[in-house]
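Residue-level listing of the chains:
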Amino acid sequence: MAQDAMKEKVAEAALAYVEAGTIIGVGTGSTANKFIDALTAKKDAILGAVASSNATAERLTANGIRVIDLNQALREVASLAVYIDGADEFDPARCLTKGGGGALTREKIVAAAADRFVCIVDQSKQVQHLGAFPLPIEVIPMAEAPITTAVRQLGGEPRLREGFITDNGNIIIDVHGLVITDGLALEDQLNALPGVVTNGIFAHQRATVILMATPEGVVTL
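Residues numbered from 1 in each chain as written. Predicted model: local features only at pLDDT ≥ 70, side-chain atom pairs only at ≥ 80, totals over all residues. Heavy atoms only, no water.

A. Examining the sheet that holds strand β13 (residues 217-220) more closely. Read across the open sheet, the six strands follow the order β2-β1-β3-β6-β12-β13; overall the sheet is mixed. The open sheet has two free edges, formed respectively by β2 (48-51) and β13, since each of these has just one partner strand. Strand after strand, the sheet turns through a mean of 25° between neighbouring axes, direction not considered. Each of β1 (23-26), β3 (83-85) and β6 (117-122) touches helix α2 (residues 30-39); the most contacted strand, β1, lies at about 150° to it. Packing against the sheet, helix α5 (residues 104-112) makes contact with β1, β2, β3 and β6, and its axis sits at approximately 145° to β3. (Pairing = 2+ DSSP bridges. Helix = DSSP H or I, 4+ residues; strand = E, 2+ residues; numbered from the N terminus. Axes fitted to C-alpha atoms, helices over the stretch in contact; angles between N-to-C directions. Contact = heavy atoms within 4.5 Å.)

Structure below.
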């Protein structure tokens, strides 16, 4: 089964976690886009969706799905019922690396506001240790130089994502060459650096459930 077909299958499987009468969170990226397309079949059953990026909001709107600002959503309901998104990598503890599309900060915010995080991936995203995929860090522009220096001291090779500005008006530094064995510790260490908005380790907001597409079908982890 081709990778694109696997993404469609896992996106369809995620619909089982969408309950009628709820507000859900929706992530960003190619697999999340497949989920948005599948969600169109249930759009009248839910109250709406909170988007993790401008691009996701545009796709939801184009599919006729009500987009709700997170602050407004949490005035309507106590919490989002579920957050559904993809990942760049996941490890055996269900910790993730995310942010290849640059939406990591809003993704973390929406994930933290949800009761459950259902991560939808294909089997190529499964790793023993995070770090093979470059780790994104969203940084306030004036802090680029000190963050770059700090990351090098941690053993990573930082590279500015050229020509890219986040929805929040910041830059992304992608860190190559890390082997992440303690996601919680490194997530906290990087977030403590002045000028870091957040980084792409999702250990505090790890997945509750991972749906992984394989050529044989979708596996629940």
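Next comes the rest of the write-up.
B. Spotlight on a nonpolar patch on the surface. Together, I140, M142 and V197 give the surface a local cluster of nonpolar side chains, amounting to about 300 Å² of exposed area. Looking at the secondary structure, you find M142 in the loop between β7 (135-139) and α6 (144-153). Assessed through its relative accessible area of 75%, M142 is described here as exposed. (Patch = residues over 30% accessible without salt bridge, like charges linked within 9 Å, V, L, I, M, F, W, Y side chains within 5 Å. Areas by Shrake-Rupley, 256 points an atom, 1.4 Å probe, with all protein chains shown as cover. Salt bridge = Lys/Arg side-chain N within 4 Å of Asp/Glu carboxyl O. Buried < 20%, exposed > 50% of the residue type's maximum accessible area, 1.4 Å probe, protein only.)

C. Main features of the packing of α2 against helix α3 (residues 54-62). Put simply, α2 and α3 touch, their axes get as near as 9 Å, and they point 25° apart. Here α2 lies roughly parallel to α3, going by the angle between them. The handedness of the crossing between α2 and α3 comes out as right-handed. On the side of α2, the interface is formed by N33, I36, D37 and L39, while α3 contributes T56, R59 and L60. Across the contact of α2 with α3, the residue classes break down as three nonpolar, two polar and two charged. (Parallel < 35°, antiparallel > 145°, perpendicular 65-115°, else oblique. Left-handed = near helix turned anticlockwise from the far one by under 90°. Nonpolar A, V, L, I, M, F, W, Y, C, P; charged D, E, K, R; others polar.)

D. Inspection of the sheet that holds strand β4 (residues 89-90) at higher detail. What the three strands build is an open sheet, ordered β4-β5-β11; its pairing is antiparallel. Taken across any chain shown, the strands that pair with only one partner, and hence form the sheet edges, are β4 and β11 (201-202).

E. Representation of unusual backbone geometry. With a phi close to 70°, R94 is a non-glycine residue in the positive phi region. With respect to the element layout, R94 can be found in the loop between β4 and β5 (96-97).

F. Structural context of the environment of N170. Note that N170 resides in the loop between β8 (157-160) and β9 (171-176). Assessed through its relative accessible area of 10%, N170 is described here as buried. When the C-alpha positions of N170 and E138 are compared, they lie 6.5 Å apart, and in sequence the two are 32 residues distant. Among all residues touching N170, those that are not within four sequence positions of it are E138, V139, I140, P141, F164, I165 and V197. Engagement of the side chain of N170 in a polar contact is seen with the side chain of E138, the distance being 2.9 Å. (Polar contact = N/O pair within 3.5 Å; in protein donor to acceptor, adjacent residues only side chain to side chain.)

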